[in-house]
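One-letter residues, chain by chain:
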Amino acid sequence: MSGIGDRIRAAVPPGELDRDAVVLILLAIGTVIAIRYGGLSSTTDWLTAILDGVALDGLSNRFDRALGQSEHAVFNRRMYWGLFRWVVYTVPAVLAVRYMLRIGLRDLGLKAGPDLRRHAFVYLGLYLLMLPFVVAASFNGEFQDTYPFYEPPPGVGYWPRFYIWQAVYAGQFLALEFFFRGVLVHGLARRFGTMAVFIALIPYVMIHLTKPLAEALGSVVAGTVLGFLSLRTGSVYLGAALHFAVALTIDILVLALS
C-alpha cells in the first residue's frame, strides 16, 4: 500500500502548514461534535430554539410533538437520527470542498469503473468473513438491546415504515463512507499519504464509543480495511454497500431471534 501514498502525497515541505489538511481536520472535529450534541433525538433543543427564534413557533411545536407525542414518535426519532447524519456528513464537506479546498468531488471517493468492479469480490469476501461474527453478535444481549434501531410496535406491520427506515439507514451509510473514507481519507492523503487512513480512523472510532464494546473495537478494523480499499479503488460505494449489508444482517437476525 505504500505505493499509493507515494503516488498521491502532495509536495508540501515537511513542517509547513497545509491549509487543506487543517480544514479537513477541523471539519472532522466539528462533525463529531455535531453528531454527539445535535444528532441524537434526545438533543434537539438547539433546533427548536432556532425555530422559536425565527418566529416559527408552530413548526417548533409540531416538531416536538412528532418526536415526543406522536403515535409514530419512535419512527420519527429514528428518521431524525438518519436524516441529520445525511446532512452533517455531506453538506459541510461539499461546501468546504467547493469553496475552500482544491479538490474535485470525484477525487474524494466517488469514482466508479473497472477497478471498482474488479474489487467487488474483495468486498464480498469481507462480508462472508464477517458473517460468523455478525451471527455471534446477534445472540449477544448488548447487541439485541441496541439493534435494530427501529422495530415496528407490536401489532403494526413492517410496511411501510420499517422499509422507509432501512432506506434512510442505507443512505446514512453512504453519507458516512463518503465523509470518513472519501473526504477525509482521500483529502488528507494528498498531504499524509496512506497515514490518512489512520488519521481518519480517530474520529470514526469516536462516533462508535456509545456502541457495544465489540462494535467499537470492530470499527478500528473496519475503518482501516475500508480506508485502504477506498484508496485502492478510488471509491466508497462498495464500502457503503458492505457496511449496510452487515447492519441489515444483524437487524434481520436480531428480529428473527426476538
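Before reading further, recall that the structure is shown in the block above.
Computed from a predicted model, the values in this text were never measured in an experiment. Numbering of residues starts from 1 in each chain and follows the order in which that chain's sequence is written. Restriction of local features to residues with pLDDT of at least 70 applies here, the model being predicted, together with a cutoff of 80 or more for giving and counting side-chain atom pairs; totals for whole chains, interfaces and linings are based on all residues. Each side-chain value is derived from all of the structure's non-hydrogen atoms; neither hydrogens nor water enter the calculation.

Q: Please provide a residue-by-residue account of the overall build of the protein, values included.
A: Secondary structure elements are defined from DSSP: runs of H or I of at least 4 residues count as helices, runs of E of at least 2 residues count as strands, and each element is numbered from the N terminus. Looking only at helices and strands, one finds twelve helices and zero strands in the protein. Judged by the C-alpha coordinates and their principal axes, the protein covers about 60 × 50 × 30 Å. Out of the 258 residues belonging to the protein, those deemed buried represent 45%. Residues are treated as being in contact if the distance between any of their heavy atoms lies within 4.5 Å. Across the protein, the fraction of contacts at a sequence separation of at least 24, relative to all contacts at a separation of at least 6, is 79%. Of the accessible surface of the protein, which amounts to about 13,400 Å², a share of 67% is contributed by carbon and sulfur atoms. Only protein chains enter the accessibility calculation, which uses a 1.4 Å probe. A residue is then buried if its area is under 20% of the maximum for its type, exposed if over 50%, and partly exposed in between. Surface accessibility in these figures is a Shrake-Rupley result with a 1.4 Å probe; residues are shielded only by whichever protein chains are displayed.

Q: Talk me through the packing of helix α9 (residues 161-192) against helix α12 (residues 237-257); I want residue IDs and the actual numbers.
A: Lines are fitted to the C-alpha atoms to define the axes, a helix being fitted only along its stretch in contact, and any angle between axes, read from their N-to-C directions, falls within 0 to 180 degrees. Packing of α9 against α12 brings their axes to within 9 Å, and their N-to-C directions diverge by 140 degrees. Relative to α12, α9 is oriented oblique. α9 and α12 meet at a crossing whose hand is right-handed. Where α9 approaches α12, its residues F162, Q166, Y169, A170, F173, L174, L176, E177 and R181 are matched on the opposing element by Y237, G239, A240, H243, F244, A247, L248, D251 and L255. Relative orientations are named as follows: roughly parallel for angles under 35 degrees, roughly antiparallel for angles over 145 degrees, roughly perpendicular for angles from 65 to 115 degrees, and oblique for any other angle. Left-handed is the label given to a crossing in which the near helix is rotated counterclockwise from the far helix by less than a right angle, and right-handed is the label when the rotation is clockwise.

Q: Please set out the side chain of D20 residue by residue, giving values where relevant.
A: Counting through the fold element by element, D20 comes out in helix α2 (residues 19-38). Take D20: its relative accessible area is 6%, and that puts it in the buried class.

Q: Go over the packing of aromatic side chains, please, and point to the residues and values.
A: Between rings of Phe, Tyr and Trp, where Trp is taken as its six-membered ring, a pair exists when centres lie within 6.5 Å; planes separated by under 30 degrees are stacked, by over 60 edge-to-face, and by other angles tilted. Applying the stated criterion across every chain, the model contains 21 aromatic pairs. Seen in terms of ring centroids, Y89 and F180 are 5.7 Å apart; in terms of plane orientation they differ by 70 degrees. Their pairing is edge-to-face. With a gap of 91 residues between them, Y89 in helix α5 (residues 73-99) and F180 in helix α9 connect regions that are remote in the sequence. Of the two residues, Y89 and F180, neither departs from the other in class, the shared state being buried. Feature note: the residues W81, F143, Y147, F149, W165, Y169, F173 and F244 constitute an aromatic cluster, connected by ring pairs. Both a distance and an angle decide whether a charge sits over a ring: NZ of Lys or CZ of Arg must be within 6 Å of the ring centre and within 35 degrees of the ring normal. When the ring centre of Y99 is taken as reference, the NZ or CZ atom of R98 above it lies at 5.0 Å.

Q: Explain the packing of helix α7 (residues 120-138) against helix α11 (residues 213-233) to me, and be specific about the residues and the numbers.
A: In the contact formed by α7 and α11, the axes pass within 12 Å of each other and the chain directions differ by 170 degrees. Put simply, α7 runs roughly antiparallel to α11. Of α11, the residues touching α7 (which contributes V122, Y123 and L126) are V225, L226, L229, S230 and T233. Here the nonpolar group is Ala, Val, Leu, Ile, Met, Phe, Trp, Tyr, Cys and Pro; Asp, Glu, Lys and Arg are the charged ones; every other residue, Gly included, is treated as polar. Residue composition of the contact of α7 with α11, by class: six nonpolar, two polar and no charged.

Q: Describe in detail the nonpolar core, supporting the description with residues and values.
A: By size, the foremost hydrophobic cluster in this structure holds 38 residues, and its most contacted members are Y89, F179, F180, V183, L184 and I207. Where this core is concerned, the elements lending two or more residues are α2, α4 (57-68), α5, α9, α10 (195-206) and α11. Counting residues per element, this core draws most heavily on α9, which supplies ten residues. Ignoring sequence-local partners within four residues, the contact set of V183 consists of L24, L27, A93, L108, F178 and L188. In plain words, nonpolar cores are sets of buried Ala, Val, Leu, Ile, Met, Phe, Trp, Tyr and Cys residues tied together by side-chain atoms within 4.5 Å.

Q: So what's going on with a nonpolar patch on the surface? Which residues, and what values?
A: A grouping of L83, W86, V87, V91, L95, Y99 and M100 is seen on the molecular surface, where their side chains present a nonpolar patch of about 660 Å² in accessible area. Its place among the elements puts L83 in helix α5. Looking at L83, the relative accessible area reads 36%, which means it is partly exposed. The patches described consist of residues with a relative accessible area above 30% and no salt bridge, like charges being joined within 9 Å and nonpolar side chains (Val, Leu, Ile, Met, Phe, Trp, Tyr) within 5 Å. Put simply, a salt bridge is a Lys or Arg side-chain nitrogen that is within 4 Å of an Asp or Glu carboxyl oxygen.

Q: Outline α12, supporting the account with residue identities and numerical values.
A: Think of an α-helix as 3.6 residues a turn; residues three or four steps apart then line up on the same face. Multiply 1.5 Å by the residue count of a helix minus one, and that product is the helix's expected span. An ideal rise of 1.5 Å per residue puts 30 Å on 21 residues; α12 measures up with 30 Å between its terminal C-alpha atoms. The complete set of buried residues in α12 reads G239, A240, L242, H243, F244, V246, A247, T249, I250, D251, V254 and L255. Summarising the contacts, the buried residues of α12 are in contact with α7, α8 (141-146), α9, α10 and α11.

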